[in-house]
Amino acid sequence: MIVNILNKERFPLLINIIRFLRTAFVDILEKRTILVLSRDCKNIKQLFELKYPQFVLDEKNNTKCVSCNLCVDVCPTHAIEIKKANMVNFPESLTTGEAPLHIYLDVKSCVKCGECMDVCLVDALSLNANYVAEKVDLVSLDSK
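Residues numbered from 1 in each chain as written. Predicted model: local features only at pLDDT ≥ 70, side-chain atom pairs only at ≥ 80, totals over all residues. Heavy atoms only, no water.

Visitor: Can you tell me about the packing of aromatic side chains, naming the residues and giving the values?
Guide: Using the criterion set out here, one finds one aromatic pair in the structure. In this arrangement the basic side chain of Lys112 is found over the ring face of Tyr52, its NZ or CZ atom lying 4.6 Å from the centre. The positively charged end of Lys135 is found above the aromatic ring belonging to Tyr104, 5.4 Å away from the centroid. (Phe/Tyr/Trp six-rings, centres within 6.5 Å; stacked < 30°, edge-to-face > 60°. Lys NZ or Arg CZ within 6 Å of the ring centre and 35° of its normal.)

Visitor: Kindly report on the sheet that holds strand E3 (residues 102–106), identifying the contributing residues and their values.
Guide: Read across the open sheet, the three strands follow the order E2-E3-E5; overall the sheet is antiparallel. If you trace the sheet from one side to the other, it starts and ends with strand E2 (80–83) and strand E5 (135–137), each paired once. Here the average twist between neighbouring strands, direction ignored, is 20 degrees. When E2 meets E3, the two strands line up antiparallel, connected through four bridges. By the bridge assignment, Glu81 is partnered in E3 with Tyr104. (Pairing = 2+ DSSP bridges. Helix = DSSP H or I, 4+ residues; strand = E, 2+ residues; numbered from the N terminus. Axes fitted to C-alpha atoms, helices over the stretch in contact; angles between N-to-C directions.)

Visitor: Help me get a handle on the nonpolar core, residues and values and all.
Guide: The biggest cluster of nonpolar side chains holds 24 residues, and the ones touching the most others in it are Phe55, Ile103, Leu105, Tyr131 and Leu138. For this core, the secondary-structure elements that each account for two or more residues are strand E1 (52–55), helix H2 (70–74), E2, E3 and strand E4 (125–129). With residues up to four places along the chain from it excluded, the contact list for Ile103 reads Phe55, Cys65, Ile80, Glu81, Ile82, Val136, Asp137, Leu138 and Val139. (Core = buried A, V, L, I, M, F, W, Y, C linked by side-chain atoms within 4.5 Å. Buried < 20%, exposed > 50% of the residue type's maximum accessible area, 1.4 Å probe, protein only. Contact = heavy atoms within 4.5 Å.)

Visitor: Give me the lowdown on unusual backbone geometry, citing residues and values where you can.
Guide: Positioned with a positive phi, Ser67 is a non-glycine residue whose angle comes to about 60 degrees. Positionally, Ser67 belongs in the loop between E1 and H2. Residue classification places Ser67 among the buried residues on the basis of a relative accessible area of 1%. Positive phi, normally seen in glycine, also occurs at Asp123, with a value near 55 degrees. With respect to the helices and strands, the residue Asp123 is situated in the loop between helix H3 (115–119) and E4.

Visitor: Before we move on, could you go through the environment of Glu81 and cite the residues and values that matter?
Guide: Here Glu81 shows up in strand E2. Sequence spacing of Glu81 and Asp137 is 56 residues, and the spatial spacing of their C-alpha atoms is 9.4 Å. If near-sequence neighbours (up to four positions away) are discounted, Glu81 is found in contact with His102, Ile103, Tyr104 and Lys135. Among the polar contacts made by the side chain of Glu81, one reaches the side chain of Lys83 at a distance of 3.0 Å. (Polar contact = N/O pair within 3.5 Å; in protein donor to acceptor, adjacent residues only side chain to side chain.)

Structure representation (structure tokens):
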């Protein structure tokens, strides 16, 4: 039996094959981990990405909005405008009232701060919409 003094391993070819397979397996696992992390990162970005306000509908597809005007008052850029047949300022404790005819959102002015959603007493707004038009009617979701 001939023994290589520099390389004292008994089966160098077999050991090299095992090392290669181990490296390839680790590379595949790392690439898979990177793909999973990038997918999760995209999902997390979508979760935390601020979006425009949108009406929350009840089980009968009616808006919960009672036209209290709190969202208009709190909006820092005055991007929300409520149009109603008889505009009446309701008390803040009101949870029922007349639904608005139109609520316009100026998409260019909206900074997606979420103040309108936070101040809404009846939880009629949520931040989960993206709009293409410059001005949107939240009641009918038709762009003007």
